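The lines below spell out each chain.
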Amino acid sequence: MIPVTLPAWIYANDEFFALEREAIFLKTWHLAGHVNELKQPGDFLRFDLLGESAIVLRDKQGRLQAFHNVCRHRAFRLLEGDSGNCGRAVRCRYHGFLYDLDGRLMGVPSEDSFPGLDKGEFGLRPVEMEIFLGLVFIRFGGDGPSIAEQFEPYREALGFYRIAEMEPMGAHSHTPIAADWKVAVENNSEAYHVPVGHPGLQRLYGSTYRYEVKPLGVSHGGGRLIDRPSPSWSERHYLKLLPPVEHLPEDRRRAWLYYSMFPSLAFDVYPDQIDYFQILPLSPGRCVARSRAYAVPDARREMKAARWLNQRINRLVGAEDKGLVEGVQAGLNSSGYRSGILSAKEVRVQQFQSLIRAAIPVAGQETAPEAGSVVRRNRELKAAQVLRESRSEMSVSA
């Protein structure tokens, strides 16, 4: 039986979007950046998501800690920008509350006007943080598996790249996309569209692309670069100039590989560099792609040229993808489409959509519930889901 896609109505529905915030995004891990973006005391990374804001700080003892980016006095957002250095302390620009880099409340202007204040009770609230291969992840809530557990199937493979030693290349980028976050993730999860949508990628790895899914919402795809003449100047010179990377196994020295984690994070892993590609929802039908590249320091001129050419090639791929997902979003709004079908080549999309249905059961309904009833209907379906799972466990144990 051919798998059926998620229904069109969930890609532009305010009530469903609210469920996604609570049931998915505030319970899962998100990449904030790399430890080598935080080298000095006071260095910080900021990560914003659906009304939440977190900061990762390097404190005076050299430790990394993550906090909610909000003053405990009157809720002012403390730090601005994607990254920077806040000096020896975090100072609120509203009333001047002062926090140490370890989150402790150090100073309160006119402290005597707060009778009985215990500053020890009003430090910055922590956010859960985990470092994996030098990458810094944060989670606003939830109690699911750790990042290390999720990426365990690929720990050895990713370890070849010496990611913890990498340095950032350029700044964080943010690309607005006029499509729902799910459309962008689905597009990034499959190569079925590559022969038609990305002729450059098709020339680079042809029929060598392979894909697989693993438990806990992780998956992998990619292909081996084909050494043959290309009509594209960038592709031709990339293949010619890319030098050998001695710390990589032979089969990875000329391969472009992709690793994904639910709900919306992907890594593009190349011999010369890696980058992350993170789809963050803004509203139903709108999202932003956040990304940055990292690389092991390498002074070879050939490597510098290869990295520049890689990014030139993938800027075109990104522009092609943006047009594709925005075209899908337009089609989802049509009365002529309710749901579609999935190829066996779209197994990573199948995995993603199954996880959406598991987290939000109302996603299994082909037509939208009556306005105002989506949350209630989802609650009913969730209760029935829990009951079925409980009965199944009892049956197994018996």
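Notes on the structure follow. (Residues numbered from 1 in each chain as written. Predicted model: local features only at pLDDT ≥ 70, side-chain atom pairs only at ≥ 80, totals over all residues. Heavy atoms only, no water.)

Another point: empty space enclosed by the protein. By the definition in use, this model includes two cavities of 30 Å³ or more. Of the pockets and cavities examined, the largest cavity occupies roughly 150 Å³. What lines the largest cavity is a set of 17 residues, and nearest its centre among them are Val185, Ser189, Ser260, Met261 and Pro263. Taken together, the elements giving at least two residues each to the lining of the largest cavity come down to helix 4 (181–188), strand 14 (255–261), strand 15 (265–269), strand 16 (274–283) and helix 9 (347–359). If you tally residues by element for the lining of the largest cavity, the top one is helix 9, at three residues. (1 Å grid on protein atoms, 1.4 Å probe; cavity = no way out; pocket = protein on both sides within 12 Å on 5 of 7 lines; lining within 4 Å. Points joined across faces, edges and corners; volume = space filled by probe spheres on them. Helix = DSSP H or I, 4+ residues; strand = E, 2+ residues; numbered from the N terminus.)

Now for the layout of surface pockets. The volume enclosed by the largest pocket comes to roughly 890 Å³. Residue assignment for the lining of the largest pocket shows that the elements contributing at least two residues are strand 11 (167–177), helix 4, helix 6 (199–205), strand 14, strand 15, strand 16, strand 17 (286–295) and helix 8 (301–332). No other element matches the 10 residues that helix 8 contributes to the lining of the largest pocket. Partitioning the lining of the largest pocket into residue classes produces 20 nonpolar, 14 polar and eight charged. Here the second largest pocket defines a volume of roughly 590 Å³. For the lining of the second largest pocket, the secondary-structure elements that each account for two or more residues are helix 1 (14–23), helix 9 and helix 10 (374–397). No other element matches helix 9, which puts three residues into the lining of the second largest pocket. A breakdown of the residues in the lining of the second largest pocket according to their chemical character gives 10 nonpolar, six polar and four charged. (Nonpolar A, V, L, I, M, F, W, Y, C, P; charged D, E, K, R; others polar.)

The contact between helix 7 (residues 233–241) and helix 8 brings their axes to 9 Å, and the two run at 150°. Considering how the two elements wind past one another, helix 7 and helix 8 form a crossing that is left-handed. For the pair helix 7 and helix 8, contact is made by Trp233, Ser234, Glu235, His237, Tyr238 and Leu241 and by Glu302, Ala305, Ala306, Trp308, Leu309, Asn310, Arg312 and Ile313, respectively. Residues of the contact of helix 7 with helix 8, tallied by class, amount to eight nonpolar, three polar and three charged. (Axes fitted to C-alpha atoms, helices over the stretch in contact; angles between N-to-C directions. Left-handed = near helix turned anticlockwise from the far one by under 90°. Contact = heavy atoms within 4.5 Å.)

Right, let's get into the sheet that holds strand 10 (residues 135–139). The strand order across the open sheet formed by three strands is 1-10-9, and the pairing between neighbours is antiparallel. Two strands lie at the open edges of the sheet, namely strand 1 (30–34) and strand 9 (128–132), each paired on one side alone. With direction set aside, neighbouring strand axes in the sheet form an average angle of 30°. Bridge count between strand 9 and strand 10: five bridges; the pairing is antiparallel. Counted as the bridge partner of Phe132 is Leu135 from strand 10. (Pairing = 2+ DSSP bridges.)

Now for the pairing of strand 12 (residues 210–214). With five bridges joining them, strand 12 and strand 13 (residues 218–224) adopt antiparallel strand pairing. Bridge pairing links Val213 to Ser219 in strand 13. Count of turn residues in the strand 12/strand 13 antiparallel hairpin: three residues, of which Leu216 carries a positive phi of about 65°.

A few words now on the sheet that holds strand 11. The strand order across the open sheet built from seven strands is 11-17-16-15-14-13-12, with neighbouring strands paired in antiparallel fashion. Every other strand in the sheet has two partners, leaving strand 11 and strand 12 as the edge strands with one partner each. Strand after strand, the sheet turns through a mean of 15° between neighbouring axes, direction not considered. Where strand 11 and strand 17 come together, eight bridges link them in antiparallel fashion. Bridge assignment links His174 to a residue of strand 17, and that residue is Arg290. Relative to the sheet, helix 4 contacts strand 15, strand 16 and strand 17, its axis offset from that of strand 16 by approximately 155°.

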